[in-house]
Amino acid sequence: MTVAARSLTDQEQLERREWFRARWERGVAFNRRCGLRVTRWDPDGVEIVLPYAESLSAHEGIFHGGVVSALIDTAGAGAVIAGHDFDKGSRLSTVSMSVQYLAPARGREAVAYARCVRRGRRVHFADVDVMTDGRICARGQVVVTISGERPGVGDPIEPLTEE
């Protein structure tokens, strides 16, 4: 005999979404090291800001393309999880990603605007635009899968500290 898992309440769903928002900004070491800031996180999409730093550059004043693609991956996965039904799991993995570089990513910050465009049972799709200096410099599509439970969901996340 199998026992059906208990459905999460609306409050528990909200708490998980907020936990993942904090994790994106403070719990992922790479994101923390890059200084990513989540400025919007809701079921309709996310906005993530990456401040320019010389350590993230390809050439003076220009973000490295790999950093831009990491921002696309981070924002696309965030857009999916920000509106996810956690009764369907919480272990997220990127399956594929495509990136189109449209212009040099120069400016004091890169801002990713992402939204989930298709939710499946396990596979989800997001579109992401990255802007620097008021214009789109890159566009990407991210495909993620969510299944099973991620260990540690709900554990405390340390506040940001100066490194």
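Provided above is the structure to which this section pertains.
Residues numbered from 1 in each chain as written. Predicted model: local features only at pLDDT ≥ 70, side-chain atom pairs only at ≥ 80, totals over all residues. Heavy atoms only, no water.

A. Here's a closer look at the packing of helix α1 (residues 10–27) against helix α3 (residues 65–82). At their nearest, the axes of α1 and α3 sit 10 Å apart, and the two run at 165° to each other. Relative to α3, the element α1 is oriented roughly antiparallel. α3 is crossed by α1, and the crossing has left-handed handedness. Of α3, the residues touching α1 (which contributes Arg17, Phe20 and Trp24) are Thr74, Ala77, Gly78, Ile81 and Ala82. The residue makeup of the contact of α1 with α3, split by class, is 5 nonpolar, 2 polar and 1 charged. (Axes fitted to C-alpha atoms, helices over the stretch in contact; angles between N-to-C directions. Helix = DSSP H or I, 4+ residues; strand = E, 2+ residues; numbered from the N terminus. Parallel < 35°, antiparallel > 145°, perpendicular 65-115°, else oblique. Left-handed = near helix turned anticlockwise from the far one by under 90°. Contact = heavy atoms within 4.5 Å. Nonpolar A, V, L, I, M, F, W, Y, C, P; charged D, E, K, R; others polar.)

B. The arrangement of empty space enclosed by the protein in detail. Following the criterion strictly, the structure yields 1 cavity of 30 Å³ or more and no others. Each pocket or cavity is described by its volume, and for the largest cavity that value is around 50 Å³. Taken together, Phe30, Cys34, Leu36, Leu50, Val67, Ala70, Leu71 and Thr74 form the lining of the largest cavity. Elements supplying a minimum of two residues to the lining of the largest cavity: α2 (29–34) and α3. For the lining of the largest cavity, the element with the highest residue contribution is α3, accounting for 4 residues. Among the residues making up the lining of the largest cavity, the classes are represented as 7 nonpolar, 1 polar and no charged. (1 Å grid on protein atoms, 1.4 Å probe; cavity = no way out; pocket = protein on both sides within 12 Å on 5 of 7 lines; lining within 4 Å. Points joined across faces, edges and corners; volume = space filled by probe spheres on them.)

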